[in-house]
Amino acid sequence: NVDSSRRTKVVDFNHLIQLSKKNPENECTFEIEAEKQLTITVYSRCKTGCTATVTRVGDSNIFFELDVVGDVEEEPYHRTIGAVKEPGSYRVKLKSLSTHGNYLVVGTSYTGLSLTSDIRSKESIVD
């Protein structure tokens, strides 16, 4: 078990993406370092929403794909797409489902937690 008092949530990246009739698709890229895990979340007020797709840069294999849709027009909401923990370069692509909208794509991680040190601490508990 990891002591949650040692963990602090940190924003590693944030990108504002605007979708319109003229540009119904847009994307951003981000990097993940070794031994790090990023949770990808999309924030918006656009009820009709978009489809969010996460892929590795240079690869068409989809890690996650999710419709990011709100319940009430102009009410802020967020949807967590998923967590990526393999090192490398990644792309988040948003495609509008009908109308324009502004979307904030945020990647968060936790400080005070190393994947290998967490594994070691679990192993020492078993021994």
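Anything mentioned here points back to the structure above.
Residues numbered from 1 in each chain as written. Predicted model: local features only at pLDDT ≥ 70, side-chain atom pairs only at ≥ 80, totals over all residues. Heavy atoms only, no water.

A. Representation of the state of the cysteines within the structure. Tallied over the entire structure, the rule returns zero disulfides. Free of any disulfide, Cys50 has its nearest neighbouring cysteine sulfur in Cys46, separated by 7.7 Å. In this structure Cys50 comes out as buried when scored by relative accessible area, which is 0%. (Disulfide = S-S within 2.5 Å. Buried < 20%, exposed > 50% of the residue type's maximum accessible area, 1.4 Å probe, protein only.)

B. Highlighting the environment of Ser89. When you line up the elements, Ser89 lands in strand 7 (residues 88-96). When its relative accessible area of 24% is taken as the criterion, Ser89 is described as partly exposed. The sequence separation of Ser89 and Ile32 amounts to 57 residues, and the corresponding C-alpha distance is 6.5 Å. When sequence neighbours within four positions are dropped, the list of residues in contact with Ser89 reads Phe30, Glu31, Arg56 and Val57. (Helix = DSSP H or I, 4+ residues; strand = E, 2+ residues; numbered from the N terminus. Contact = heavy atoms within 4.5 Å.)

C. Examining the side chain of Ser109 more closely. With respect to the helices, strands and loops of the structure, Ser109 is situated in strand 8 (residues 101-111). On the basis of relative accessible area, Ser109 is assigned to the buried category, the value being 3%. Of the polar contacts made by the side chain of Ser109, one reaches the side chain of Asp12; its length is 2.5 Å. Among residues more than four places away in sequence, those in contact with Ser109 are Thr8, Lys9, Val10, Asp12, Lys36, Gln37 and Leu38. (Polar contact = N/O pair within 3.5 Å; in protein donor to acceptor, adjacent residues only side chain to side chain.)

D. Molecular detail of the packing of aromatic side chains. Across all of its chains, the model carries three aromatic pairs by this definition. When the ring of Phe13 is compared with that of Phe30, the centres are 4.5 Å apart and the planes differ by 15°; the resulting orientation is stacked. Here Phe13, found in strand 1 (residues 8-19), pairs with Phe30, found in strand 2 (residues 25-32); they are 17 residues apart in sequence, far enough to count as distant. Judged by centre distance (5.4 Å) and plane angle (75°), the ring pair of Phe63 and Tyr90 falls under edge-to-face. Of the two residues, Phe63 is situated in strand 5 (residues 62-68) and Tyr90 in strand 7; the sequence distance between them amounts to 27 residues. Its relative accessible area of 31% is what places Phe63 among the partly exposed residues. (Phe/Tyr/Trp six-rings, centres within 6.5 Å; stacked < 30°, edge-to-face > 60°.)

So yeah, pure geometry; function would need other evidence.
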